[in-house]
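Structural characterization, general
If you want the building blocks of each chain, they are given just below.
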Amino acid sequence: LAGNALRALHEEDYFRPFETCDLNAETLIHTRGRQALPLDGAWNFCVDLLDTGLRQRWYAMEPASPEERDLPWDYDPYVGETVPVPSCWQMLREKWYFFEGSVWYTRPLDLTPVPGRRYILRIGAAQYDCKLFVNGSFVGNHAGGSTPFCADLTGHLRPGRNWLMLCVNNTRTLDRVPMRNSDWFNYGGIYREVALYDLPEAFLRSMFVHLVADGNNRRIRIVVEAEGLSCATVEIPELGVSGEIAVDGGRGEIILEAALELWSPENPRLYDVILRGGDDEIRDRVGFRTVVVRGHEILLNGRPVWLRGIAVHEDDMLTGKCTSEEDLRRRFLHARELGCNFLRLAHYPHHERAAELADELGFLLWEEIPVYWAIDFANPRTFEDARNQLTELIRRDRNRASVIFWSVGNENADTDARLAFMTALASTARDEDGTRLITAACLVNHAACRIEDRLVDCLDVIGINEYYGWYENDFADLAAIGRNSEPGKPVLISETGADADISDCGPERGLFSESYQAEVYRRQLEILRAIPWVQGMSPWILYDFRVERRQNVFQRGYNRKGLIAADKATKKEAFRVLSEFYEEVARMEE
Ligand code: GCB
């Protein structure tokens, strides 16, 4: 039998060959402005909770009708059930809801490769580990559930019908990022778009475009990476500037000078940037602004800005983590209604369209990777995974003016291993992108009532999650934190809030009631507004969101700290409390 014939000596031997992590930040290419062949739609699908597919080598099975088969495979990738890509598979069948493990996706790709062209597959995101097979052979694997990755299929394709197979595993393990325990639902599958890009042999890999923060607001730096090219030209037509960039060892850069209009939330001005090299061309739509800190202030284009924010998860009652243009636009509309100029995209990289829309609509963003709670800080593989997720996020979004923060972690105990791990992540972020501020949600010593975290030394801005009125009782302690801490840097209240169940099951008063949540907001705002180093906030959270670990009578599988219920329509009283405060802050800034 197939299983016997293929039995390995050690269980691990079935999987180790596929854990190469070679689809990573180094293989990512810039795709904006390129023609794509979309590969979304129906894919053949199978849930494989015991990883039978890797043991029986389903990927090596030739397409054939069931009658032609001579081995009793436990799954046939070529016939049977389909699911749409992108989607979160647990949302598609009730019986799958709480499953986690491997699933297989298969689809044909009909194409005749042209000699001298490169065929690059891009997967927007697959939660968490994705092993890619083409025509029966292993191409590579990617770790990390929320960032895009690319695979060069050129040598694997044959004329006519090809088969793509992906084994996507969302098992939570202690060494992943995040690890086993987190406060959001563990959705699985290919939940962002998949597309194939047809490139010339010599091509443009990436461009990084930003305004130089020298106070003049005229100098634009463009850094280019290319393969097989010795020069490229860049043009910003609306500014009437262009230049030729010498590419040496795959890299080149140029400074262009122009009288430009700055990007800001009030005036989200964007410019087309076009890069050409050989037969290749890429584009982006970029805003120019600077962001720096001065004492406890955050300066946007040289002027202090107070961040009127809200945190948001990528979560939907019906589609899970799979998002849409409509969903994203509704999110920004609600944020606008609330009076926000800022969003914290928690706790992992959201869909790339979120930052594009923030650029267009004029919002500032905090983006982060899921270095969340007690991940395996002493494990070098875990570090490499986190470092790669951070690098992929930065390379994906570094041309977005809206993004002002890279956050390297959330509420992690202050151990030596964590300090080394996160300090190294902060310097990775600075090496990749020296133009943005580095932050993290740091720790408060609740007994001593002060901010106390060794990590703050390597951050530009300190995030603090505090839940006075909810997990901590005494509001007087929050005021004491204000008096006792001398952070010497800007501080953001990166989370605060309280649950409120506004369904018919919800209580009238006390914990979990709408009125209690509103009262927590009133008390919080009264104290926070008086602390000089608090330079903004992103309360927890815009919408109620799904999570397995919360099952009391009011939660029923949801975190209910939303200012709006999970239907993304019904506002709670606290929404109004916060919007009135933000209105006042905005008026004072005018
Ligand atoms: C936190 C976490 C966030 C949780 C939140 C809560 O501090 O950062 O992920 O969802 O508290 O509701 O407990």
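Residues numbered from 1 in each chain as written. Predicted model: local features only at pLDDT ≥ 70, side-chain atom pairs only at ≥ 80, totals over all residues. Heavy atoms only, no water.

1. Section: the sheet that holds strand β16 (residues 241-246)
A sheet is described by the order of its strands in space; here four strands give the open sequence β16-β15-β18-β19, paired in antiparallel fashion. Looking along the sheet, the strands with just one partner apiece sit at the ends: β16 and β19 (280-286). Strand-to-strand twist in this sheet, taken as the mean axis angle between neighbours without regard to direction, amounts to 20°. (Pairing = 2+ DSSP bridges. Helix = DSSP H or I, 4+ residues; strand = E, 2+ residues; numbered from the N terminus. Axes fitted to C-alpha atoms, helices over the stretch in contact; angles between N-to-C directions.)

2. Focus on the site of the ligand
What surrounds the ligand is a group of 14 residues, the closest being D183, Y372, E411, Y471 and K561. Between an oxygen atom of the ligand and a side-chain N or O atom of D183, the distance comes to 2.4 Å. Taking Y467, its side chain carries an N or O atom lying 3.3 Å from an oxygen atom of the ligand. In isolation the ligand offers 320 Å² of accessible surface; the protein chains occlude 96% of this area. When its residues are assigned to classes, the shell around the ligand shows five nonpolar, four polar and five charged. (Near = heavy atom within 4 Å. Polar contact = N/O pair within 3.5 Å; in protein donor to acceptor, adjacent residues only side chain to side chain. Areas by Shrake-Rupley, 256 points an atom, 1.4 Å probe, with all protein chains shown as cover. Nonpolar A, V, L, I, M, F, W, Y, C, P; charged D, E, K, R; others polar.)

3. Describing the nonpolar core
Ranked by internal contacts, the top residues of the largest apolar core, which has 90 residues, are L338, L343, V371 and L578. Considering each element in turn, this core owes the most residues, seven residues, to helix α9 (residues 573-589). One finds V83, L121, F149 and L196 within the second-largest nonpolar core, a separate group that totals 30 residues. (Core = buried A, V, L, I, M, F, W, Y, C linked by side-chain atoms within 4.5 Å. Buried < 20%, exposed > 50% of the residue type's maximum accessible area, 1.4 Å probe, protein only.)

4. Quick word on the pairing of strand β25 (residues 364-368)
For β25, a buried count of five out of five residues is recorded, marking the element as mostly surrounded by other parts of the structure. Relative to β25, strand β24 (residues 342-345) is paired through four bridges, and the arrangement is parallel. Opposite R344, over in β25, you have W366 as the bridge partner. The parallel pair β24 and β25 is bridged by helix α4 (residues 352-361), and the resulting crossover is right-handed. Alignment of β25 against strand β26 (residues 403-410), held across four bridges, turns out to be parallel. Bridge pairing in β26 places E367 opposite W406. Following the backbone out of β25, through helix α5 (residues 380-397) and into the adjacent parallel β26, one traces a crossover that is right-handed. (Right-handed = clockwise from strand over helix to strand, strands pointing away.)

5. With respect to unusual backbone geometry
A cis geometry characterises the amide bond from Q127 onward to Y128, with omega recorded as 5°. Turning to its location among the elements, Y128 is positioned in the loop between β6 (126-127) and β7 (129-134). One non-glycine residue, F512, adopts positive backbone phi at about 75°. Among the secondary structure elements, F512 is positioned in the loop between β31 (491-495) and α8 (514-528). When its relative accessible area of 12% is taken as the criterion, F512 is described as buried. One non-glycine residue, K568, adopts positive backbone phi at about 60°. Along the chain, K568 falls in the loop between β34 (558-559) and α9.

6. Let's talk about the packing of helix α3 (residues 325-338) against α9
Between α3 and α9, whose axes approach to 8 Å, the crossing angle comes to 65°. Residues H334, E337 and L338 of α3 form the contact with α9, whose own contacting residues are F575, L578, S579 and Y582. Residue composition of the contact of α3 with α9, grouped by class: four nonpolar, two polar and one charged. (Contact = heavy atoms within 4.5 Å.)

7. Regarding the environment of D385
Topologically, D385 is positioned in helix α5. Sequence spacing of D385 and C21 is 364 residues, and the spatial spacing of their C-alpha atoms is 8.6 Å. Beyond its immediate chain neighbours, meaning those up to four positions away, D385 contacts Y128, A143, G144 and V177.

8. Thoughts on the confidence of the model for the protein chain
When pLDDT is averaged along the protein chain, the result is 96, and 99% of the positions lie at 70 or above. Between the elements of the protein chain, mean pLDDT differs from a low of 48, seen in helix α1 (residues 2-5), to a high of 99, seen in β25. When the criterion is pLDDT under 50, residues 1-5 qualifies, and its contacts beyond four places in sequence or with other chains add up to two contacts. Across the interface, the model reports ipTM at 1.00; the global pTM reads 0.98. (pLDDT = per-residue confidence, 0-100.)

9. What about the sheet that holds strand β5 (residues 117-123)?
Read from one edge of the open sheet, four strands run β1-β12-β5-β9, paired in antiparallel fashion. What marks the edges here is a single partner per strand, and that holds for β1 (37-38) and β9 (149-152). Relative to β9, β5 runs antiparallel, the two being bridged by four bridges. Across the sheet, the residue bridging to I123 is F149, located in β9.

10. Concerning a nonpolar patch on the surface
Together, L49, L50 and F99 give the surface a local cluster of nonpolar side chains, amounting to about 280 Å² of exposed area. Tracing the backbone shows L49 in the loop between β2 (41-48) and α2 (52-56). Take L49: its relative accessible area is 34%, and that puts it in the partly exposed class. (Patch = residues over 30% accessible without salt bridge, like charges linked within 9 Å, V, L, I, M, F, W, Y side chains within 5 Å. Salt bridge = Lys/Arg side-chain N within 4 Å of Asp/Glu carboxyl O.)

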